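For reference, the chains in residue letters:
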Amino acid sequence: MAQSFDVVVIGGGPGGYIAAIRAAQLGLSTACIDEWKTAEGKPALGGTCTNIGCIPSKALLQSSENFEQAGHHFADHGVRVKGLELDLAQMLKRKDQVVKASNDGVAYLFKKNKVAFFHGRGSFAKAGAEGCDISVSGVQSETLSAKHVIVATGSVPRALPGTAFDEKLVLSNDGALAIPEVPKRLGIIGAGVIGLEMGSVWRRLGSEVTILEALPAFLGAADEQIAKEAAKLFAKQGLKIQLGVKISAVKAKKDVTVEYADAEGKAQSATFDKLIVSIGRVANTQGLNGEGVGLKLDRGFVAVDEQCRTNLAGVWAIGDVVRGPMLAHKAEEEGVAVAERIAGQHPHVDFNTIPWVIYTTPEIAWVGKTEQQLKAEGVAYRAGTFPFMANARARALGDTSGLVKFLADAKTDTVLGVHIIGAFASELIAEAVVAMEFRASSEDIGMICHAHPSLSEAIKDAALAVDKRALNI
């Protein structure tokens, strides 16, 4: 006989496990199905983000940044290091330990909140007005029945047409996190978040990194002024970025040769020891048997309305498998919202206040509209910027690169967007998110007392700069 639940979540990534926890908190009997496993075959809760995405990449970014600081910047602080050596095996081991701690953390939260966990692949056996039956294929196969199902199966890396991932020479984000030796020549196709972060890791550790990007503009999703600053700083660090590239062939044997046309249309060829392909991700709907129960798709994504309802009664979908930005924190917010809707509440997720972050050095973060978007929409605005070079805490840190940029409505002064490139931008952006959620004006932020010395003072000064009132420049 099938075990019965109020809610069954398919997928244990950031969206799925958070949805399951929130549903359980609201008094709903809840189960979560997830098939991720360790090399030993044990459950590895947390999805792509925890296992081969956000968490391990940040661990390697921190470790590689420490290595670069010790080798190139500690001397400026009077700290001299002799005989510096890279222990890549230990660095990768630490990364794995960070991942395991996160895996274990999710398992603990399930136990604490009484979420039933089933290790295996979940798929629809039946869907109807009376509820759904979900098959679990794993070590033990079983069937669960549920009044509500939340699909949170995430996404998978998009392969270059005609070039499959072998995770030895041609790498996805998975293989990029586990290269056993620092490649002398590393090629990356795609100058997005993954490409820039992985390129930064391996450049710091000694690789000669070349990034090939198809688009003619660098970081087109970011504010143009911030993107130009980032391109200048990355070039200074040694990242070679070519834009407007058209790949014609990838040949992988003992090494990898990429044939392409450059921005001028001239034929080029480059050979690398390893090639990371980071050209985006696609929704993961394989194995769901969605077609068997009539689950509607839209350009490969599970089709949902504004409240994450699918076309099937009692079936919801969240995160990377649906429309919107493929961000772990977006999935989490949708997961909470869906759990609360199932419980009869009326939550709201504002996509305009979801922050974006690229964890390079310097970090890049933004929320809201870019200047080019406001121009395209014909919105009258005022801009204010403040460089970290004029910030006392940045000088004390020894990292004065970057700036903060505020965009505010010309009439109401309401904050429309905030863009940061600089140290700890990922942390600083939270103030801007709060400001926009509360419909603050740039003057509101400029009037708030910020601790001195702190990087957050750059937020205050950039807000004041909207009215040409910056105090420290």
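The structure presented is a predicted model; accordingly, all values stated were derived computationally and were not measured.

Colleague: For this particular structure, what's the right way to read the overall build of the protein?
Modeller: Secondary structure summary: the protein contains 14 helices and 23 strands in total. The C-alpha atoms of the protein give a radius of gyration of 24 Å, which matches the 23 Å a tight globule of 473 residues would have. Overall, the protein is about 70 × 60 × 45 Å in size when its C-alpha atoms are taken along their principal axes. Taken over 473 residues, the protein has a buried fraction of 50%. Considering only residue pairs separated by 6 or more positions, the protein has 62% of its internal contacts joining residues 24 or more positions apart. A total of about 22300 Å² of accessible surface is found on the protein, and carbon and sulfur atoms cover 52% of it.

Colleague: Teacher, can you tell me more about helix H1 (residues 14-25) here?
Modeller: Relative to the 16 Å expected for 12 residues at 1.5 Å per residue, H1 spans 16 Å between its end C-alpha atoms, a close match to the ideal helical length. Within H1, nine of the 12 residues are buried, which leaves the element mostly enclosed by the surrounding structure. Inspection of H1 places Pro14, Gly15, Gly16, Tyr17, Ala19, Ala20, Ile21, Ala23 and Ala24 among the buried residues, and these make up the whole buried set. Buried residues in H1 make contact with strand S1 (3-10), strand S2 (30-34), helix H2 (47-52), helix H4 (88-113), strand S5 (142-151) and helix H9 (328-342). Backbone geometry just after H1 places Gly27 at a positive phi near 90 degrees.

Colleague: Just checking my understanding: could you explain the packing of aromatic side chains for this structure?
Modeller: Two aromatic rings are characterised by how far apart their centres lie and by the angle between their planes. All chains considered together, the criterion is met by four aromatic pairs. A ring pair is formed by Phe5 and Phe118, whose centres lie 6.1 Å apart and whose planes are at 80 degrees; its orientation type is edge-to-face. With Phe5 in strand S1 and Phe118 in strand S3 (residues 116-128), this pair connects stretches of sequence that are 113 residues apart. Judged by centre distance (6.3 Å) and plane angle (45 degrees), the rings of Phe110 and Phe117 are tilted. Judged by its relative accessible area of 3%, Phe110 falls in the buried class.

Colleague: Would you mind going over the packing of helix H3 (residues 54-72) against H4 with me for this structure?
Modeller: Packed helix pairs are specified by the crossing angle of their axes together with the interaxial distance, meaning the distance between the axes. The interhelical angle for the contact between H3 and H4, taken along N-to-C directions, is 140 degrees, at an axis separation of 9 Å. Regarding the angle of H3 to H4, the classification is oblique. Here the hand of the crossing between H3 and H4 comes out right-handed. Of the residues in H4, those touching H3 at Ile55, Pro56, Ala59, Leu60, Ser63 and Ser64 are Met91, Leu92, Arg94, Lys95, Val98, Val99 and Ser102. Tallied by class, residues from the contact of H3 with H4 come to eight nonpolar, three polar and two charged.

Colleague: What should I look at first to understand the side chain of Glu457 in this one?
Modeller: Assignment of secondary structure puts Glu457 in helix H14 (residues 457-465). Summary of buried charges: Glu457 has no salt-bridge partner, and the nearest side chain of opposite charge, Lys460, is 7.9 Å away. Separated by 3.1 Å, the side chain of Glu457 and the backbone nitrogen of Ser454 make a polar contact. The contacts of Glu457, once residues within four sequence positions are left out, are Asn391, His450, Ala451 and His452.

Colleague: Where do I start with helix H7 (residues 224-237) in this structure?
Modeller: Residues that lie three or four places apart on an α-helix share one face, since the helix turns once every 3.6 residues. The end-to-end C-alpha distance of H7, which contains 14 residues, comes to 20 Å, matching closely the 20 Å that a straight helix rising 1.5 Å per residue would cover. The complete set of buried residues in H7 reads Ile226, Ala227, Glu229, Ala230, Leu233 and Phe234. Projection of H7 onto a plane perpendicular to its axis shows the buried side chains occupying an angular sector of 160 degrees, all on one side. H7 presents Lys228, Lys232 and Lys236 as exposed residues on the side facing more than 90 degrees away from its buried surface. Against helix H6 (193-204), strand S10 (240-242), strand S20 (363-368), strand S22 (403-409) and strand S23 (415-422) lie the buried residues of H7. Put simply, Asp223 is the residue that caps the front of H7, since its side-chain oxygen is 3.1 Å from the backbone nitrogen of Gln225. Phi turns positive, to about 115 degrees, at Gly238, one or two residues after H7.

Colleague: Looking at this structure, how should I read the sheet that holds strand S8 (residues 185-189)?
Modeller: Where strands meet in a sheet, backbone hydrogen bonds hold them as pairs that are either parallel or antiparallel. The parallel open sheet is built from five strands, whose spatial order is S7-S14-S8-S9-S10. Only two strands of the sheet have a single partner each, and these edge strands are strand S7 (170-171) and S10. The pairing of S8 with strand S14 (residues 274-277) spans four bridges and is parallel. Bridging from a neighbouring strand, Ile188 pairs with Ile276 of S14. Set on the sheet, H6 makes contact with S8, strand S9 (208-212), S10 and S14; between it and S9 the angle comes to about 165 degrees.

Colleague: It is not clear to me how the pairing of S9 should be interpreted in this structure. Could you clarify?
Modeller: Side-chain positions along a regular strand alternate between the two faces of the sheet. Within S9, four of the five residues are buried, which leaves the element mostly enclosed by the surrounding structure. Bridge analysis of S8 against S9 gives five bridges, and the strand direction is parallel. Counterpart to Arg185 in the pairing with S9 is Glu208. Pairing of S9 with S10 involves three bridges; the strand directions are parallel. Bridge assignment links Ile211 to a residue of S10, and that residue is Ile241.

Colleague: It is not clear to me how the sheet that holds S22 should be interpreted in this structure. Could you clarify?
Modeller: Spatially, the five strands line up as an open sheet ordered S19-S20-S23-S22-S21, and their pairing is antiparallel. The open sheet has two free edges, formed respectively by strand S19 (356-358) and strand S21 (381-387), since each of these has just one partner strand. The average angle at which neighbouring strand axes cross in this sheet is 10 degrees, direction not considered. For S22 and S23, the ladder comprises six bridges, and the chain directions are antiparallel. Looking at S23, one finds that Val404 is bridged to Ile420.

Reading guide: rules and limits
Residues numbered from 1 in each chain as written. Predicted model: local features only at pLDDT ≥ 70, side-chain atom pairs only at ≥ 80, totals over all residues. Heavy atoms only, no water. Helix = DSSP H or I, 4+ residues; strand = E, 2+ residues; numbered from the N terminus. Rg over C-alpha atoms; globule rule 2.2 N^0.38 Å. Buried < 20%, exposed > 50% of the residue type's maximum accessible area, 1.4 Å probe, protein only. Contact = heavy atoms within 4.5 Å. Areas by Shrake-Rupley, 256 points an atom, 1.4 Å probe, with all protein chains shown as cover. Expected span 1.5 Å × (residues − 1). Phe/Tyr/Trp six-rings, centres within 6.5 Å; stacked < 30°, edge-to-face > 60°. Axes fitted to C-alpha atoms, helices over the stretch in contact; angles between N-to-C directions. Parallel < 35°, antiparallel > 145°, perpendicular 65-115°, else oblique. Left-handed = near helix turned anticlockwise from the far one by under 90°. Nonpolar A, V, L, I, M, F, W, Y, C, P; charged D, E, K, R; others polar. Lys, Arg positive; Asp, Glu negative; His and termini not counted. Salt bridge = Lys/Arg side-chain N within 4 Å of Asp/Glu carboxyl O. Polar contact = N/O pair within 3.5 Å; in protein donor to acceptor, adjacent residues only side chain to side chain. Arc of directions from axis to C-beta. Pairing = 2+ DSSP bridges.

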